[in-house]
Amino acid sequence: MRTPKKKLYIRTYGCQMNVADSEQLALVLDSDYELTDRPEEADLYLINTCAIRRKSVEKVLSLLGRLKALKRRRPEMLLGVGGCVAQQEGQQLLRQAPHLDLVFGTHGIYRLPDLLAKQRQTGRRLVDTAFAAEMPYLCGPRPAGAVQKLVTIMQGCDNYCTYCVVPYVRGPERSRPAADIIAEVAAFVSQGGQEVTLLGQNVNSYGRGLPEAVSFPELLRRLAAFGGLARLRFTTSHPRDLSEDLMNCFAELPPLCEHIHLPVQAGSDGVLARMRRGYTQKDYLTKVERLRQVCPDIAISTDLIVGFPGESEADFQETLTLMRAAAFDSAFYFKYSPRPQTEAATYAEQVPEAVKTERLARLKEVQEQLSLASNQRLVGGVREVLVEGFSKQHNGQLTGRLRSNHVVNFDGPAELIGRLVQVHVTTAHRHSLGALLCGGQFGDQFLAASRQDHRRIPC
Ligand code: SAH
Ligand code: SF4
Ligand code: F3S
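Residue numbers restart at each chain and count upward from 1, following the sequence in its written direction. Note on labels: chains are lettered from A, ligands numbered from 1, in written order. Local features are withheld for residues below a pLDDT of 70 in this predicted model, meaning they are given only at 70 or higher, and side-chain atom pairs are given and counted only at 80 or more; totals for whole chains, interfaces and linings count all residues. With hydrogens and water stripped out, all remaining heavy atoms of the structure feed into the side-chain values.

Neighbouring ligand 3 are C15, N18, T49, C50, A51, I52, C84, R170 and Q201. Residues belonging to the shell around ligand 3 are distributed by class as follows: five nonpolar, three polar and one charged. Whether a residue is near a molecule or strand is decided by its heavy atoms; if any one of them lies within 4 Å of it, the residue is near. By the convention adopted, Pro, Cys, Tyr, Trp, Phe, Met, Ile, Leu, Val and Ala count as nonpolar, Lys, Arg, Asp and Glu as charged, and the other residues, Gly among them, as polar.

So this is what it looks like as structure tokens:
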């Protein structure tokens, strides 16, 4: 008789890349462990961490503190910290948390079975934060019911924006061979997958250093050619490297969704230069204009940082000006947080916390107006939704995303989860849309038509 698998619980913080890494962790450990969503029954409890801002690190330390009680109750449970904080802190984490058994860095995922074996043999607390020249990548079967998939196409980053810790914790940029990515997507589509999101810190530089020279637009063309892939997305695209070729893909490739995440960070040319972003406000807005010419329905989202060292009130006003000019459909916004090893952390003129707080509130106000306006523009239209599940906030309604990434909630039966349906958008809120399912058998009569013209069809 086979011995039953042990239980693995993974708590994931940070970006989609970390979510994809946690899936890799589960696959790497699959022969001995099965996933559980109940931390109290875990034999192995892993925390996959994010170091992007101080707050992200504090969240991990606070969870570690809370886990002392669980470890006391279940001393046989192994507790491990992986990901970006583990990469940054290494040995230091073992000192800070005496109940922690393992620390493994961003490249340590695939060596984790060896680390666990060594831990079992020696009983010692261990750290593995070495960078690897090659990283294998595992492709598992499609989890039951999953119609969306994150596909990592590259690791690391070579950009060294002066505020950012990612190049230090993720290592140098490396692309996965196109053939591997294509095989992974093909398998997913053949098993009924609908939506693929390609992940990299700067997808525009995909392909650099690969034996077979494949540019990112070329990779998109190859993937879009699969029959059956309904939606293709990618993140993140660096504004400096956004090429005409890539912009044209939005007009040419039917599965490529009409949404781009294009983090601008700031509006002032002086601040952008000190961030080492490699573009000016004008360069950025020219690309936004061009994107909207090529694909009039495109939704543009962004990331913004307030209170970068030396940011004056006039600089901040430039950010607000740029936001209005770009008319962002949505945005993530953050207070600048000095990170270890980064250049900007050493800059003079750090902005006081109170000023950052006040600027963030003003920026939020502007973005909420822009997001509401973006949502209002969709009211009255008919759109395709990929139904993701039940909404927690909208009591029992179904929730999903439009191709433009707008969130939409509507009444409908559970059988629709995982399917593409058509809805009539009826109401706009700041962070979501309300809608009615189009008539007929779950709006399916519109589905065939929408496959031919996926942008807009009459209700
Ligand atoms: N690779 C992506 C961004 C990854 S980090 C890109 O180049 O756009 C996600 C976001 O976190 C960044 O876009 C930035 O807005 C924010 N961020 C990064 N470092 C930060 C810091 N030190 N303080 C505050 N926000 C930060
Ligand atoms: Fe960080 Fe810049 Fe690399 Fe993005 S491009 S991960 S912001 S260094
Ligand atoms: Fe955070 Fe690491 Fe992603 S620092 S944002 S989890 S690359």
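Here the narrative resumes.
Residue ranges for the domains trace back to a domain assignment, done automatically or taken from a database. Looking at the protein chain, the domain boundaries give domain 1 (6–128), domain 2 (148–374) and domain 3 (382–458). The C-alpha-based centres of domain 1 and domain 3 are spaced at 37 Å.

Next up on the list: the site of ligand 2. Residues in close proximity to ligand 2 include C157, N159, Y160, C161, Y163, C164, V166, P167, Q201, H238 and R277, which together make up its full environment. Of the residues contributing to the shell around ligand 2, the split by class is seven nonpolar, three polar and one charged.

Moving on: a positive patch on the surface. A cluster of basic residues, R11, K55, K59 and R66, forms a positive patch at the surface. Elements are defined by DSSP. Helices are runs of H or I of four residues or more, strands are runs of E of two residues or more, and each kind is numbered from the N terminus. Here the positive patch gets three residues from one element, more than from any other, and that element is helix 2 (residues 54–73). Tracing the backbone shows K59 in helix 2. Think of a patch as exposed residues, more than 30% relative accessible area, with no salt bridge, where like charges cluster within 9 Å and nonpolar side chains (Val, Leu, Ile, Met, Phe, Trp, Tyr) cluster within 5 Å. Where accessible areas are quoted, they stem from the Shrake-Rupley method and a 1.4 Å probe; at the residue level, only the protein chains shown are allowed to cover. A pair is scored as a salt bridge if a Lys or Arg side-chain nitrogen falls within 4 Å of a carboxyl oxygen belonging to Asp or Glu. Positive charges come from Lys and Arg alone, negative charges from Asp and Glu alone, with His and the N- and C-terminal ends not counted. Charged groups are reduced to one reference atom each: NZ for lysine, CZ for arginine, CG for aspartic acid, CD for glutamic acid.

This paragraph deals with the sheet that holds strand 7 (residues 148–152). For two strands to count as paired, DSSP must find a minimum of two bridges between them. Ordered by their spatial adjacency, three strands build an open sheet running 7-10-11, and the pairing between neighbours is parallel. Each of the sheet's edge strands pairs with one partner strand only, and the pair in question is strand 7 and strand 11 (231–235). Averaged over all adjacent pairs, the angle separating strand axes in this sheet is 20°, with direction ignored. Of the pairings in the sheet, the one linking strand 10 (residues 195–199) to strand 11 comprises five bridges and is parallel in character. When the bridges of strand 11 are listed, V196 appears paired with L232. In the packing of helix 8 (residues 216–224) onto the sheet, contacts are made with strand 10 and strand 11, and the angle to strand 11 comes to roughly 160°. Between N-to-C directions, angles cover 0 to 180 degrees, with each direction set by a line fitted to C-alpha atoms, over the stretch in contact for helices. Here a residue-residue contact requires only that any non-hydrogen atoms of the pair lie within 4.5 Å.

The classification of residues rests on relative accessible area computed with a 1.4 Å probe and restricted to protein chains. Under 20% of the type maximum is buried, over 50% is exposed, and intermediate values are partly exposed. With seven of its nine residues buried, strand 15 (residues 382–390) lies for the most part within the structure. As paired strands, strand 15 and strand 18 (residues 420–428) are joined by five bridges and run antiparallel to one another. If you follow R383 over to strand 18, its bridge partner there is V423.

Attention shifts here to the pattern of salt bridges. Inspection of every chain in the model, using the stated rule, returns 37 salt bridges. Notably, a salt bridge pairs R170 with D21, separated by 2.8 Å at the nearest N-O pair. Of this pair, R170 sits in helix 6 (residues 166–170) while D21 is found in helix 1 (residues 16–28), placing the two residues 149 residues apart along the sequence. We note a salt bridge from E313 to R359, for which the minimum N-O separation is 3.9 Å. Taken together, the residues span a long stretch of sequence, with E313 in helix 12 (residues 313–326) and R359 in helix 13 (residues 353–376) at a distance of 46 residues. Assessed through its relative accessible area of 34%, E313 is described here as partly exposed. Residues participating in the shared-partner salt-bridge network are E212, E218, R221, R222, D245 and E252.

As a further point, take the packing of aromatic side chains. Only the six-membered ring of Trp is used, alongside the rings of Phe and Tyr, when aromatic pairs are assigned; centres must lie within 6.5 Å, and planes under 30 degrees apart are stacked while those over 60 apart are edge-to-face, with the rest tilted. Tallying each qualifying case throughout the model produces nine aromatic pairs. The interplanar angle of 85° and the centroid separation of 5.0 Å between the aromatic rings of F216 and F234 together place this pair among those described as edge-to-face. Pair noted here: F216 is in helix 8 and F234 is in strand 11, with a separation of 18 residues, a long-range link. Counting every residue linked through ring pairs, the aromatic cluster contains Y163, F308, Y336 and Y347. The ring centre of F334 lies 3.6 Å from the NZ or CZ of R53, which sits over that ring. When the ring centre of Y137 is taken as reference, the NZ or CZ atom of R176 above it lies at 3.6 Å. Criterion for a charge above a ring: Arg CZ or Lys NZ at most 6 Å from the ring centre, at most 35 degrees from the ring normal.

It is worth spelling out the sheet that holds strand 5 (residues 102–104) at this point. Where strands meet in a sheet, backbone hydrogen bonds hold them as pairs that are either parallel or antiparallel. Pairing is parallel in the open sheet, where six strands are placed in the order 2-1-3-4-5-6. Looking at which strands have only one partner, the edges of the open sheet turn out to be strand 2 (33–35) and strand 6 (126–128). Pairwise comparison of adjacent strand axes, ignoring direction, gives a mean angle of 20° for this sheet. As paired strands, strand 1 (residues 6–12) and strand 2 are joined by three bridges and run parallel to one another. Within strand 2, the residue paired with K7 across the bridge is E34. Contacts from helix 2 reach strand 1, strand 3 (44–49) and strand 4 (78–82), with the element oriented near 175° to strand 3. Together, strand 1, strand 2, strand 3, strand 4, strand 5 and strand 6 form the strand contacts of helix 5 (residues 112–122), whose direction differs from that of strand 5 by roughly 160°.

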